[in-house]
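# What the coordinates show
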Amino acid sequence: MKSLNRGWMLPAGLLVLFWGVWGAFSSKPTDLYGYPNEMVYIIWSLTMILPAAAALRRERFDRRPVAALYGLLAGLTGAGGQLVLFQALSDGPAYLIFPVVSLSPVITVLMAVALLRERINRLAVVGVVAALVAILLLSIPGGGGGGSSSGPWMVLAAVVCVAWGAQAFFMRKAAVVGVNDATTFGWMTISGLLLIPVAYFMMGSFPSGAPWQAPALTAGTQVLNAVGALFLVMALSRGKAAVVAPLTNALAPVLTIILSLIVYQTLPTIWAGIGIVLALAGSTLMVYSDEKRGEEAAAPEPAAKVPS
């Protein structure tokens, strides 16, 4: 019997650890030192160079125009979402923001249905319904506990959700036309760097008088984000996407929620708690059904039996 390949488990576990910790502590430079969100973005975009270089050492860079098109679309929606996310994290609690952001597969599924005329299976329908109910529960005034449910963070989290859902759609389109993951990741890094002038314009000028701890803490947390993305590429290259993608999609936000609840020293209301669970369950179901369908479509048809 052929043994199961478990080489994906270590990078997937490290991904959950890195992204979970990153999500919980990403806002700390702003909370503790008043470090501008735009500077957090700039430092994050620079940290992406490391995993991009590592990924491109494994695969060649696809120079086709179609690779550049979908790579830039995926990169700009992803980097734009990051820029908005840092602002959202400075306004609201991570334990409520990341469940909303984790609903991005809803956008990916809806775009595939609307633009590619793809059919949505029953499992994905259940995920969409759970996601919609989760949004309603998380939107209940006071649902986050105290005054954390008020303010613009919910709108910003929804913007990130839409942006990252579109990013996943464009990444899928890139894969369909044969663009390798390293090339897409490379264009995502380039896109992040291209938005540095936008972040600087929003900021007005580089912060003066910020203690050294602010950029150091920012670099430390954002490296977790960037290297976590590299672990995702490694995990997906070693294991089945139908297993790796739903697992990491669910566990990384769970770790973020647990850590941020400890940091904020608060508990969500019963409605927000149910909303968090439904958001994670719904997004996981959608990711699983989507990846499973992709693997089944890519699987070779069994050879016809030759009559003896």
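Residues numbered from 1 in each chain as written. Predicted model: local features only at pLDDT ≥ 70, side-chain atom pairs only at ≥ 80, totals over all residues. Heavy atoms only, no water.

Ranked by internal contacts, the top residues of the largest apolar core, which has 45 residues, are Tyr41, Leu85 and Ile97. Among the secondary structure elements, those contributing two or more residues to this core are helix H3 (37-47), helix H5 (65-91), helix H6 (94-101), helix H9 (153-176), helix H11 (196-203), helix H12 (213-238), helix H13 (241-264) and helix H14 (270-298). The contacts of Ile97, once residues within four sequence positions are left out, are Leu85, Ala88, Leu89, Gly92, Trp153 and Ala157. Within the second largest apolar cluster, 19 residues are counted, among which are Val109, Ala131, Val179 and Met286. (Core = buried A, V, L, I, M, F, W, Y, C linked by side-chain atoms within 4.5 Å. Buried < 20%, exposed > 50% of the residue type's maximum accessible area, 1.4 Å probe, protein only. Helix = DSSP H or I, 4+ residues; strand = E, 2+ residues; numbered from the N terminus. Contact = heavy atoms within 4.5 Å.)

Another aspect to go through is the confidence of the model for the protein. This prediction gives the protein a mean pLDDT of 84; 88% of its residues lie at or above 70. Mean pLDDT across the elements of the protein bottoms out in H14 (80) and peaks in H3 (95). Note on residues 143-147: pLDDT under 50 across the span, and 12 contacts to partners over four residues away in sequence or across chains. (pLDDT = per-residue confidence, 0-100.)

Glancing now at the packing of aromatic side chains. One pass over the structure, following the stated rule, counts 6 aromatic pairs. Residues Tyr41 and Trp44 carry aromatic rings whose centres are separated by 5.3 Å and whose planes lie at 45° to one another, so their mutual orientation is tilted. Here the residue Tyr41 and the residue Trp44 both occupy positions in helix H3, the gap between them amounting to 3 residues, near one helical turn. Residue Tyr41 is classed as buried on the basis of its relative accessible area of 0%. On the basis of an interplanar angle of 70° and a centroid distance of 5.7 Å, the ring pair of Phe169 and Phe170 is categorised as edge-to-face. With a relative accessible area of 15%, Phe170 lands in the buried category. (Phe/Tyr/Trp six-rings, centres within 6.5 Å; stacked < 30°, edge-to-face > 60°.)

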